Amino acid sequence: MICNGFAMTWRRRLEPLTRPLFFAGARALRGLTLGVRGLVLDPRGRVLLVEHTYVSGWYLPGGGVERGEAAETALARELREEAGVRLLGRPSLISVHDNSAHFPGDHVLLYRVDQFEAGDFAPNREIRAMDWFAPDALPETTTPATRARLREALEGAPSDPLW
């Protein structure tokens, strides 16, 4: 489930240099950006996390909503692309967060996914690995925002409006 370490290394080194170009392009095309993340829980209560090739840490799967695309459609696309997961029912919107600390004008919708089919996953140029983890046994490198969203959704912690 892990791809070539060389590809991951050079992408992570280039990401800080290419980020401003990506942000400038996104901002020119749209004044406000919207992203989606999926909290996918398997029947054993484990959560699906992905590890990207271009940034460190484990994240809830998701990504940007494209122009003309509904948020739930974007979530379905991202889950399929990043983890081979196919939605079988509508996800439930859990919370909305301002992600301006990382990208001005960006917002993230967090959905809970209970009805899905796990398919095949192969590491690719964007996703290095995916795996299922018990919420109380997350990898050490799970991002703080991912940990916060899990506490909010699974333990009833107050929802932080900031991602």
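Caption draft 1: Seen up close, the overall build of the chain. The secondary structure content of the chain amounts to three helices and nine strands. Starting at the N terminus and walking to the C terminus, you meet the elements of the chain as α-β-β-β-β-α-β-β-β-β-β-α. Across its three principal axes, the chain shows a C-alpha extent of roughly 40 × 35 × 30 Å. Of the contacts made within the chain by residues no fewer than 6 positions apart, 69% connect residues no fewer than 24 positions apart. Considering the chain, the positive charge centre built from 20 side chains and the negative charge centre built from 21 side chains are found 4 Å apart.

Caption draft 2: Structural view of the packing of aromatic side chains. The tally for this structure, following the rule as stated, stands at two aromatic pairs. Ring plane angle 20° and centroid distance 5.7 Å describe the contact between Phe116 and Trp132, whose orientation is recorded as stacked. In this pair, Phe116 is assigned in strand β8 (residues 116–118) and Trp132 in strand β9 (residues 127–133), connecting sequence segments 16 residues apart. Between the NZ or CZ atom of Arg149 and the centre of the ring of Trp163, over which it lies, the distance is 4.9 Å.

Caption draft 3: Representation of the environment of Ala122 within the structure. Relative to the elements of secondary structure, Ala122 occurs in the loop between β8 and β9. Separated by 41 residues in the primary sequence, Ala122 and Glu81 have C-alpha atoms spaced 9.8 Å apart.

Caption draft 4: Focus on the nonpolar core. Residues Val36, Val40, Leu48, Leu79, Val113 and Met130 are the most contacted members of the largest nonpolar core, which totals 23 residues. Counting only elements with at least two residues in this core, the list comes to β1 (33–40), β2 (47–52), α2 (71–83), β5 (85–87), β7 (106–113) and β9. Sorting elements by how many residues they give to this core places α2 first, with six residues. For Val36, the contacting residues outside a window of four places in its chain are Pro61, Gly62, Gly63, Val65, Ala71, Ala74, Leu75, Leu109 and Tyr111. Counting eleven residues, the second largest nonpolar core, distinct from the first, contains Leu41, Trp58, Phe133 and Leu138.

Caption draft 5: Broad picture of the sheet that holds β1. Here we have four strands laid out as an open sheet, ordered β4-β1-β7-β6, and mixed in their pairing. In this open sheet, the two strands that pair with only one neighbour each are β4 (62–64) and β6 (92–98). Each adjacent strand pair in this sheet contributes to an overall mean axis angle of 20°, direction not counted. One ladder, built from three bridges, connects β1 with β4; its direction is antiparallel. If you follow Val36 over to β4, its bridge partner there is Gly63.

Caption draft 6: Region of the structure containing the pairing of β1. The element β1 is extensively covered by neighbouring structure, given that seven of its eight residues are classed as buried. Where β1 and β7 come together, eight bridges link them in parallel fashion. By the bridge assignment, Gly35 is partnered in β7 with Val108.

Caption draft 7: Structural context of the environment of Pro135. With respect to the helices and strands, the residue Pro135 is situated in the loop between β9 and α3 (144–155). Here Pro135 falls in the partly exposed class, since its relative accessible area comes to 35%. The spacing of Pro135 and Phe23 is 112 residues in sequence and 32 Å in space, taken between C-alpha atoms. Setting aside its immediate chain neighbours within four residues, Pro135 contacts Gly45, Arg46 and Leu154.

Parameters at a glance
- Residues numbered from 1 in each chain as written.
- Predicted model: local features only at pLDDT ≥ 70, side-chain atom pairs only at ≥ 80, totals over all residues.
- Heavy atoms only, no water.
- Helix = DSSP H or I, 4+ residues; strand = E, 2+ residues; numbered from the N terminus.
- Contact = heavy atoms within 4.5 Å.
- Lys, Arg positive; Asp, Glu negative; His and termini not counted.
- Charge placed at Lys NZ, Arg CZ, Asp CG, Glu CD.
- Phe/Tyr/Trp six-rings, centres within 6.5 Å; stacked < 30°, edge-to-face > 60°.
- Lys NZ or Arg CZ within 6 Å of the ring centre and 35° of its normal.
- Core = buried A, V, L, I, M, F, W, Y, C linked by side-chain atoms within 4.5 Å.
- Buried < 20%, exposed > 50% of the residue type's maximum accessible area, 1.4 Å probe, protein only.
- Pairing = 2+ DSSP bridges.
- Axes fitted to C-alpha atoms, helices over the stretch in contact; angles between N-to-C directions.

So, to be careful, I would describe these as geometric facts and stop short of saying anything about function.
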